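Commentary on secondary and tertiary structure
The lines below spell out each chain.
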Amino acid sequence: MSFTHAGIVHQPPGQSTLAYLPLQKVAINAWMVDVSVRLFLTQVFQNESDSPTIRAKYIFPLPEQSAICAFKLEHADGRVIVGKVEESESVACTFETAVAAGENCCTSQAGDR
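A few points on the structure.

With respect to the pattern of salt bridges
Under the criterion given, the structure shown has two salt bridges. Notably, a salt bridge pairs Lys72 with Glu74, separated by 3.2 Å at the nearest N-O pair. Here the two residues Lys72 and Glu74 agree in accessibility, since each one is exposed. The residue Asp77 makes a salt bridge to Arg79 at a minimum N-O spacing of 2.9 Å.

Next comes the structure, spelled out in structure tokens:
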């Protein structure tokens, strides 16, 4: 099994390399019923730079048979971004339109499995 980096990656202003925000805290709540599990994962990351992270990517490898049914991002200043499940064809257009309008947004997609 190969190691995959996980967490929040971004490109700091004025740098050409990517950086990961340090993980500060993790909390997991899980409910098991028969052969399925419903898992709530809370992760806290800290941006230690003086510059805000304008655009970032959250990476979290999942097992092949898993699914994401909800996503919520709470910003340190109190803003909340709630995820919405959509067909992948419409997501890229919606995301770019929101970024161009200056809105807070995020996307998630299944990777190569």
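This is not the end of the story, as more comes after the structure.
A look at the side chain of His10
Tracing the chain through its elements places His10 in strand E1 (residues 7–10). Of the residues examined, His10 reaches a relative accessible area of 8% and is grouped as buried. His10 has contacts with Thr17, Leu18, Ala19, Leu21, Thr53, Arg55 and Ala56, leaving out every residue within four places of it along the chain.

A closer look at a nonpolar patch on the surface
A cluster of nonpolar side chains, namely Leu23, Val26, Ile28, Met32, Val37 and Leu39, defines an oily patch on the protein surface of about 600 Å² accessible area. Top element by residues in the nonpolar patch is strand E3 (residues 23–33). It accounts for four residues. According to the relative accessible area criterion, Met32 is exposed, its value standing at 67%.

Things to note about the pairing of strand E4 (residues 36–45)
For E3 and E4, the ladder comprises ten bridges, and the chain directions are antiparallel. If you follow Ala27 over to E4, its bridge partner there is Thr42. In textbook terms, the turn of a hairpin is the stretch between consecutive antiparallel strands, and for E3 and E4 this stretch comprises two residues, one of which, Asp34, has a positive phi near 55°.

Thoughts on the environment of Leu39
Turning to its location among the elements, Leu39 is positioned in strand E4. Residue classification places Leu39 among the partly exposed residues on the basis of a relative accessible area of 48%. Taking the C-alpha atoms as reference points, Leu39 and Ile68, 29 residues apart in sequence, are found 9.8 Å from one another. Residues contacting Leu39, with those up to four places away along its chain left out, are Ile28, Asn29 and Ala30.

Thresholds, definitions, all that
- Residues numbered from 1 in each chain as written.
- Predicted model: local features only at pLDDT ≥ 70, side-chain atom pairs only at ≥ 80, totals over all residues.
- Heavy atoms only, no water.
- Salt bridge = Lys/Arg side-chain N within 4 Å of Asp/Glu carboxyl O.
- Buried < 20%, exposed > 50% of the residue type's maximum accessible area, 1.4 Å probe, protein only.
- Helix = DSSP H or I, 4+ residues; strand = E, 2+ residues; numbered from the N terminus.
- Contact = heavy atoms within 4.5 Å.
- Patch = residues over 30% accessible without salt bridge, like charges linked within 9 Å, V, L, I, M, F, W, Y side chains within 5 Å.
- Areas by Shrake-Rupley, 256 points an atom, 1.4 Å probe, with all protein chains shown as cover.
- Pairing = 2+ DSSP bridges.

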